[in-house]
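Take a look at the letters that make up each chain.
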Amino acid sequence: MSTLYSFSARTLGGESVDLDRYRDKVLLIVNTASECGFTPQYAGLQQLHVRFAARGFAVLGFPCNQFGKQEPGDAGQIGSFCEKNFGVTFPMFEKVDVKGPAAHPLYRYLTSEAPGLFGTKVIKWNFTKFLVDRRGQVVKRYAPKTTPEAIAADIEALL
């Protein structure tokens, strides 16, 4: 598989979505959690989504409960939390594993294409971000502490 367009995922509403739907868009793919110290980044992610959507950009959120059990809710609770607290309108997908033997195939792909510090493929915490260009190629990986605002210039360059 040479691009992320080969993968699919289920939305919080249970719809299976081929990621080919996002062909020719610049994407920021993020593993999220509702009870994390980085959770306020949802606001910045939503701002990026709104700011660049008309130019072919989208944020894709993938809730994950693997880090400190900080995403305990079900799909309905996650969706409600994101909408109520941060006005999230970008696509949110069902809770997935992003590391280990049960890692979602998309995350196995992302981590192999953009290893972390010292070449590690493991995601170490919530809100790790992957920037993908219009061809579906992973351009850059960002640490959880990197704010969405700090990524705006890189997104702009790809648009």
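Below: a short report on this structure. Because the structure is predicted, anything quoted here is derived from the model rather than measured. (Residues numbered from 1 in each chain as written. Predicted model: local features only at pLDDT ≥ 70, side-chain atom pairs only at ≥ 80, totals over all residues. Heavy atoms only, no water.)

**Structural notes on the pairing of strand β3 (residues 26-32)**
Here is the rule: For every residue, the accessible area obtained with a 1.4 Å probe (protein chains only) is divided by the maximum for its type, and the residue is called buried under 20%, exposed over 50%, and partly exposed between those limits. The secondary structure listing takes helices from DSSP runs of H or I that are at least 4 residues long and strands from runs of E that are at least 2 residues long, numbered from the N terminus. When DSSP finds two or more bridges between two strands, those strands count as paired. A clockwise path from the first strand over the helix to the second, with the strands pointing away from the viewer, defines a right-handed crossover.
With 7 of its 7 residues buried, β3 lies for the most part within the structure. Of the two faces of β3, the one holding V26, L28, V30 and T32 and the one holding L27, I29 and N31 are both buried throughout. Direction of pairing for β3 relative to strand β4 (residues 57-63): parallel, over a ladder of 7 bridges. Considered in β4, the bridge of V26 is made with F57. For the segment spanning β3, helix α1 (residues 41-52) and β4, crossover handedness is right-handed. For β3 and strand β5 (residues 129-132), the ladder comprises 4 bridges, and the chain directions are antiparallel. If you follow L28 over to β5, its bridge partner there is L131.

**Observations regarding the pattern of salt bridges**
Just so we agree on the cut-off: Any Lys or Arg side-chain nitrogen located within 4 Å of an Asp or Glu carboxyl oxygen qualifies as a salt bridge.
On inspection of all chains with the given rule, the structure shows 5 salt bridges. The shortest N-O distance in the salt bridge between R23 and D20 comes to 2.7 Å. R23 gets classed as partly exposed once you look at its relative accessible area, which sits at 44%. D133 is paired through a salt bridge with R135; the nearest N and O atoms lie 3.1 Å apart.

**Considering the state of the cysteines**
Counted only if it meets this: Count a disulfide wherever a pair of cysteine sulfur atoms falls within 2.5 Å.
Within the structure shown, the criterion is met by 0 disulfides. Free cysteine C36: the closest other cysteine sulfur is in C64, separated by 11 Å. With a relative accessible area of 8%, C36 lands in the buried category. Here C82 is not disulfide-linked; the sulfur of C36 is the nearest cysteine sulfur, at 12 Å. With relative accessibility at 2%, the residue C82 sits in the buried group.

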